[in-house]
Amino acid sequence: MARKMIRVLLVEDEEINRVVARAALKAAGGGGDVVDEAENGAVAVQRVRDAAAPYDLVLMDKQMPVMDGHEATRRIRGMGVTTPIVAVSSDGLPADVEAFITSGADDFTSKPLSKEKLGIILAKFRLA
Amino acid sequence: MAAAALTSQLNALVNNMFAMGLLDDQFQQLQMLQDSTAPDFVSEVVTLFCDDGERIICELARQLEKPNVDFDRVDSYVHQLKGSSASVGAQKVKNTCIQFREFCQQRSRDGCLKTLDLVRTEFYDLRNKFQAMLQLEQQIQACYPKH
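Criteria and thresholds
Residues numbered from 1 in each chain as written. Chains lettered and ligands numbered in written order. Predicted model: local features only at pLDDT ≥ 70, side-chain atom pairs only at ≥ 80, totals over all residues. Heavy atoms only, no water. Helix = DSSP H or I, 4+ residues; strand = E, 2+ residues; numbered from the N terminus. Buried < 20%, exposed > 50% of the residue type's maximum accessible area, 1.4 Å probe, protein only. Contact = heavy atoms within 4.5 Å. Rg over C-alpha atoms; globule rule 2.2 N^0.38 Å. Areas by Shrake-Rupley, 256 points an atom, 1.4 Å probe, with all protein chains shown as cover. Lys, Arg positive; Asp, Glu negative; His and termini not counted. Charge placed at Lys NZ, Arg CZ, Asp CG, Glu CD. Polar contact = N/O pair within 3.5 Å; in protein donor to acceptor, adjacent residues only side chain to side chain. Buried area = accessible area lost by both parts, 1.4 Å probe. Salt bridge = Lys/Arg side-chain N within 4 Å of Asp/Glu carboxyl O. Disulfide = S-S within 2.5 Å. Pairing = 2+ DSSP bridges. Axes fitted to C-alpha atoms, helices over the stretch in contact; angles between N-to-C directions.

Draft legend 1. Layout of the overall build of chain B. Helix and strand content of chain B: six helices and zero strands. The order of helices and strands in chain B, counted from the N terminus, is α-α-α-α-α-α. Across its three principal directions, the C-alpha atoms of chain B cover 60 × 25 × 25 Å. Evaluated residue by residue, chain B yields a buried proportion of 46% over its 147 residues. Restricting the contact set of chain B to residue pairs at least 6 apart, pairs at least 24 apart contribute 69%.

Written as structure tokens, this is what we have:
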């Protein structure tokens, strides 16, 4: 069943992960979503700052060149942006999750993204 | 008839890859994400994995040849390979990357070199099977000419 269209910022440096994430978002009912991409945290901060309309969701990788996910999350929160930020990482140790939440992320999910994981995230933030 | 025989071969190959532990259920997830609007999705992800893997393994060999190994840098590359392995469902390669990262944490050059050999063997074995899989898919598609 299709859901309302949302604006998503996908922050991920590896193309393979971006390809899988886009497909998973589409499968989670988002054929009409606007999905912008940022290949590192610095580009993500720029995208958020320059966005014509606020994003509904940010999916943030941890380890990236130039600026990592923790720093990007801190900077986005520092701009007063309240968009849900979900950390996405293959390092799912409690310390990693806690570090992301401390940076200002709202939730954490493990890589690789799937239709099911995204469904849970979208429902949690009332984007489904 | 040819398509049926090729499809049977393809199914046997993929089933064998699961049975040997080369693939995990993430690969099935990818297959389910493929549809008529993205008919080459699995092929795209597999190709990205193969290209990434080759590049990363070459870089790892280069890094481990240096007299002073930067283990954090090596770990970063292994992390990338682990990530792309996880994305495509390459279970064996992913698990070997987990071991590899432990040797990086231990700053063990010997451990890293031995694990690099293992991951290289596993990666190329999987890549060869993926290439055979993609070839069979192309042959099957050729049996159904587009109008």
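So much for the structure itself; the text now carries on.
Draft legend 2. Looking closely at the overall build of chain A. When helices and strands are counted, chain A shows five helices and five strands. Across chain A, helices and strands are ordered from the amino to the carboxyl terminus as β-α-β-α-β-α-β-α-β-α. The C-alpha atoms of chain A give a radius of gyration of 13 Å, which matches the 14 Å a tight globule of 128 residues would have. Expressed along its principal axes, the backbone C-alpha trace of chain A runs to roughly 35 × 35 × 25 Å. Across the 128 residues in chain A, those meeting the buried criterion constitute 53%. Looking at chain A alone, contacts between residues at least 24 apart form 68% of all its contacts between residues at least 6 apart. When the accessible area of chain A is evaluated, it comes to approximately 5700 Å², of which 53% is carbon and sulfur surface. Charge-centre separation for chain A: the mean point of 17 positive side chains lies 5 Å from the mean point of 19 negative side chains.

Draft legend 3. Summary view of the side chain of Ser87 of chain B. Examined against the element boundaries, Ser87 of chain B turns out to sit in helix H4 (residues 71-88). Within the structure, the side chain of Ser87 of chain B is placed 2.4 Å from the side chain of Asn17 of chain A, a separation counted as a polar contact. When neighbours within four sequence positions are excluded, Ser87 of chain B is seen to be in contact with Ile16, Asn17, Val20 and Pro112 of chain A together with Gln26, Leu30 and Val45 of chain B.

Draft legend 4. Seen up close, the environment of Arg75 of chain A. Residues and elements named next belong to chain A. In this structure, Arg75 sits in helix H3 (residues 69-78). On a C-alpha basis, the gap between Arg75 and Ser103 in space is 8.9 Å, while along the polypeptide they are 28 residues apart. Discounting chain neighbours no more than four positions away, the residues touching Arg75 are Val45 and Met67.

Draft legend 5. Spotlight on the interface of chain B and chain A. Listed per partner, the contact involves 23 residues of chain B and 16 residues of chain A. Surface buried jointly by chain B and chain A totals about 1500 Å² across both partners, of which 58% is contributed by carbon and sulfur atoms. Three residues, Leu33, Leu48 and His79 of chain B, lead the burial of chain B against chain A; their summed loss comes to 31% of the area buried on that side. Joining chain B to chain A, the criterion identifies zero salt bridges. Scanning the region where chain B abuts chain A turns up two residue pairs in polar contact (both at pLDDT 80 or more).

Draft legend 6. Structural view of the side chain of Ser85 of chain B. Relative to the helices and strands, Ser85 of chain B is located in helix H4. Those residues within four positions of Ser85 of chain B in sequence are excluded, and the remaining contacts are Phe49, Ala90, Val93 and Lys94 of chain B.

Draft legend 7. Main features of the state of the cysteines. Residues and elements named next belong to chain B. The final tally for this structure, using the stated rule, is zero disulfides over all chains. Note on Cys112: no disulfide assigned, nearest cysteine sulfur contributed by Cys104 at a separation of 3.9 Å. Overall, the relative accessible area of 0% leaves Cys112 in the buried class.

Draft legend 8. Structural view of the sheet that holds strand S3 (residues 57-61) of chain A. Residues and elements named next belong to chain A. Pairing within the open sheet is parallel, and its five strands lie in the order S2-S1-S3-S4-S5. Only two strands of the sheet have a single neighbouring strand rather than two, namely strand S2 (34-38) and strand S5 (107-110). Between one strand axis and the next, the sheet turns through 20° on average, direction left out of account. Pairing of S3 with strand S4 (residues 85-89), which is carried by four bridges, proceeds in the parallel orientation. Bridging from a neighbouring strand, Leu59 pairs with Val86 of S4. On top of the sheet, H3 reaches S3 and S4; it is set at about 150° to S3, its chief contact.

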